[in-house]
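What follows is the residue order along each chain.
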Amino acid sequence: MVFLEIKRLRKRFGTLEVLKGIDLSLEKGGFLVLIGPSGCGKSTLLGTIAGLESISAGEIRIEGQQINDLHPSKRDIAMVFQSYALYPNMTVAENMAFGMEMRGVPKAEREKAVAEVAKTLQLEHLLKRRPSQLSGGQRQRVAMGRALVRKPRVFLFDEPLSNLDAKLRVDMRVEIKRLHQRTGATIVYVTHDQIEAMTLATQIAVLKDGELQEPRDRRETAPAGGAAGCPHQRLRSGRYQVSN
Amino acid sequence: MSAVDLSAVPPRRMRTSQSVITRVVIYGLLIFFAMIYLVPLIVMVMTSLKPLDEVTGGNMFALPKSPSFASWIRAWGEASIGVSDTAGISGYFMNSIKMVVPAVLISTLLGALNGYVLTKWRFPGHKLVFGMMLFACFIPFQSVIIPMAVILGLLGRIGNQLIDATGVSFGFGNPTVNLVLCHVVYGLGFTTLFFRNYYEAFPTELVKAAMIDGADFFQIFRRVLLPNSMPIIIVTVIYQFTNIWNDFLFGSTFAAGDQSPMTVALNNLVNTSTGVVEYNVNMAAAIIAAAPTLFVYVVAGRYFVRGLMAGAVKG
């Protein structure tokens with residue numbers, strides 16, 4: 001069953017067309033990784049799903065419901081930002097509960113939900129601290145906790161690991177994958193790191209110049225669009241014949 | 001062996017003696033210039049503590065023989081100000097407080113709101129609007145006096161009509177309210193500039209996160225932006241407080257008699273042309289007039305430099 005569906009989505013900034021007709025679909029519990037060179041429009045695409053960017057044409061549906069014109073808070077999505085975007089003036093617990101507070105959830109219920117997620121992510125001892133008193137990895141976990149606590153239909157990750165050092169990045173990658181398997185969440189994940197894409201995704205979409213290269217099975221994605229490869233690969237089109 | 005030779009004493013001793021000389025020169029200069037700045041204040045304080053015959057008959061730099069606060073008390077509650085009936089500067093001091101507190105609060109808050117909109121809720125033409133607000137910073141006081149007088153005259157007429165109709169003026173035509181309006185309008189360019197530059201460097205992702213969390217325009221402003229704006233709020237408050245408190249031109253033009261702010265009253269006290277000039281009372285009044293700005297600097301000054309530097313360097 002298609003859970004998240006994007007049809008003929010276009011995004012223009014003035015005369016510049018950034019997304020040129022994107023078609024995508026993701027099953028419930030799927031893990032879609034958007035990968036591509038910088039400036040290809042992958043973060044913009046994520047922004048349109050979140051509702052932070054308006055779209056010029058096309059439609060976005062979650063569970064069949066069209067969400068194009070809904071306010072970000074009404075789309076039932078949660079986003080983890082590259083910079084984590086934790087509110088510096090609030091404690092970890094307040095950060096996680098802020099969304100519920102804005103939606104008028106009673107305090108007791110908020111505290112219960114925060115405690116539950118904090119346990120899952122082993123954040124319990126950090127709840128009273130402020131973001132400035134946390135390490136990079138801890139901030140990352142709090143940002144994920146803030147997303148989890150909302151129990152959204154879709155999680156959006158915008159290059160969540162690119163501010164971490166190499167070792168932590170691997171650890172967090174494992175943690176994200178585990179989280180995905182345990183909660184069965186539906187995730188859209190933007191990165192420019194192929195290894196992240198390969199290890200995390202159930203489905204990979206390669207974006208280049210605002211166009212989608214055919215979404216493929218992950219075993220054959222690497223050369224798609226010439227956008228990937230380490231070191232960078234040059235592709236040539238050619239033909240070969242098998243002669244008798 | 002060579003290590004011992006290298007760390008042998010002579011070159012190092014030379015360096016230390018050199019640094020001692022440098023220190024002496026640096027501190028000497030600092031103390032010298034600090035003294036130059038402090039002399040007027042010291043003379044003011046000493047003069048205010050002397051009786052009048054000691055001031056007129058003695059040396060300006062002589063210490064008071066029997067320090068007393070008599071002239072401070074006179075300045076505060078008894079001295080005659082110009083042709084007004086009110087005695088002392090206490091009433092005018094309160095006038096200034098009543099003007100400066102709302103003017104600072106309103107202009108700071110509006111500046112913050114402007115800065116928020118100009119950086120995080122951009123609209124077509126936001127650059128032009130900001131450019132024009134910036135332009136407001138370069139308009140001299142003198143050139144707005146006549147237009148301002150016309151507007152305040154209009155507000156005064158509205159006030160009179162309101163009094164005729166309802167018996168209450170709702171603040172229209174009240175000199176203090178007028179001065180608050182002048183200073184808010186005039187200060188808006190500066191406060192907007194401060195906050196816009198601060199919020200320009202403020203991470204937009206925080207605003208986006210709050211949007212996803214369901215906070216509306218004012219909730220984002222109040223819960224996310226303002227609590228993280230302490231350095232620039234302090235800069236703006238100090239700047240506005242000093243400017244508005246020290247303003248003489250608006251105060252002397254748009255308020256008269258008992259309604260005048262402190263600066264005007266001080267002028268009327270000092271420039272009186274009848275009787276003996278009571279230098280000790282004048283000095284005491286001048287110190288009282290300068291005290292609030294001094295107080296604000298002492299309390300919040302260390303945030304001032306920090307706030308001015310904020311956003312200049314990332315991190």
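Conventions we followed
- Residues numbered from 1 in each chain as written.
- Chains lettered and ligands numbered in written order.
- Predicted model: local features only at pLDDT ≥ 70, side-chain atom pairs only at ≥ 80, totals over all residues.
- Heavy atoms only, no water.
- Contact = heavy atoms within 4.5 Å.
- Buried area = accessible area lost by both parts, 1.4 Å probe.
- Salt bridge = Lys/Arg side-chain N within 4 Å of Asp/Glu carboxyl O.
- Polar contact = N/O pair within 3.5 Å; in protein donor to acceptor, adjacent residues only side chain to side chain.
- Helix = DSSP H or I, 4+ residues; strand = E, 2+ residues; numbered from the N terminus.
- Buried < 20%, exposed > 50% of the residue type's maximum accessible area, 1.4 Å probe, protein only.
- pLDDT = per-residue confidence, 0-100.
- Patch = residues over 30% accessible without salt bridge, like charges linked within 9 Å, V, L, I, M, F, W, Y side chains within 5 Å.
- Areas by Shrake-Rupley, 256 points an atom, 1.4 Å probe, with all protein chains shown as cover.
- Phe/Tyr/Trp six-rings, centres within 6.5 Å; stacked < 30°, edge-to-face > 60°.
- Lys NZ or Arg CZ within 6 Å of the ring centre and 35° of its normal.
- Pairing = 2+ DSSP bridges.
- Axes fitted to C-alpha atoms, helices over the stretch in contact; angles between N-to-C directions.

Draft legend 1. The arrangement of the interface of chain A and chain B in detail. Between chain A and chain B, the residue contacts involve 24 residues of the former and 15 residues of the latter. A combined buried area of about 1700 Å² lies between chain A and chain B, and 61% of that area is made up of carbon and sulfur atoms. A per-residue breakdown of the area chain A buries against chain B is headed by Leu 52, Tyr 87 and Met 102 of chain A, which together make up 29% of the total. Counting every contact that joins chain A to chain B gives 2 salt bridges. Notably, a salt bridge pairs Arg 150 of chain A with Asp 213 of chain B, separated by 3.2 Å at the nearest N-O pair. At the boundary of chain A with chain B, the tally comes to 9 residue pairs in polar contact (both at pLDDT 80 or more). At the level of secondary structure, the elements contributing two or more residues to the side of chain A that touches chain B comprise strand S6 (77-80) and helix H2 (92-102) of chain A. It is H2 of chain A that provides the largest number of residues to the side of chain A that touches chain B, a total of 4 residues.

Draft legend 2. Representation of the pattern of salt bridges. According to the stated counting rule, one finds 16 salt bridges over all chains in the structure shown. Residue Glu 101 of chain A is joined to Arg 223 of chain B by a salt bridge in which the shortest nitrogen-to-oxygen separation is 2.8 Å. Of this pair, Glu 101 of chain A sits in helix H2 while Arg 223 of chain B sits in helix H10 (residues 217-225), each in a different chain. Taking the relative accessible area as the measure of exposure, Glu 101 of chain A reaches 30% and is therefore partly exposed. The network of salt bridges with shared partners includes Lys 7, Glu 59 and Arg 61 of chain A.

Draft legend 3. Layout of the confidence of the model for chain B. Residues and elements named next belong to chain B. Here chain B shows a mean pLDDT of 86. Residues at 70 or above account for 90%. Every residue in residues 311-315 scores below 50 in pLDDT, and together they form 1 contact with partners more than four places removed in sequence or on other chains. With a pTM of 0.82, the predicted complex shows an ipTM of 0.84.

Draft legend 4. Summary view of a nonpolar patch on the surface. A contiguous nonpolar surface patch, about 800 Å² in accessible area, is contributed by Ile 26, Tyr 27, Leu 30, Ile 31, Met 35, Leu 38, Leu 41, Ile 42 and Val 45 of chain B. Mapped onto the elements, Leu 38 of chain B comes out in helix H2 (residues 9-48).

Draft legend 5. View of the packing of aromatic side chains. Applying the stated criterion across every chain, the model contains 23 aromatic pairs over all chains. In this structure an aromatic cluster arises from ring pairing among Tyr 116, Trp 121, Phe 217, Phe 218 and Phe 221 of chain B. Directly above the ring of Tyr 87 of chain A sits Arg 146 of chain A, whose terminal nitrogen or CZ lies 4.9 Å from the centroid. The positively charged end of Arg 196 of chain B is found above the aromatic ring belonging to Phe 130 of chain B, 4.2 Å away from the centroid.

Draft legend 6. Representation of the sheet that holds strand S4 (residues 57-62) of chain A within the structure. All names here are of chain A. Taken in spatial order, the 4 strands line up as S2-S1-S4-S5 in an open sheet, and their pairing is antiparallel. Bordering the open sheet on either side are strand S2 (16-27) and strand S5 (65-66), each of which pairs with just one other strand. Sheet topology places S4 next to S5; 2 bridges connect them, and they run antiparallel. By the bridge assignment for S5, Ile 62 is matched with Gln 65. Lying on the sheet, helix H1 (residues 42-50) is in contact with strand S1 (2-13), S2 and S4; it crosses S1 at an angle near 115°.

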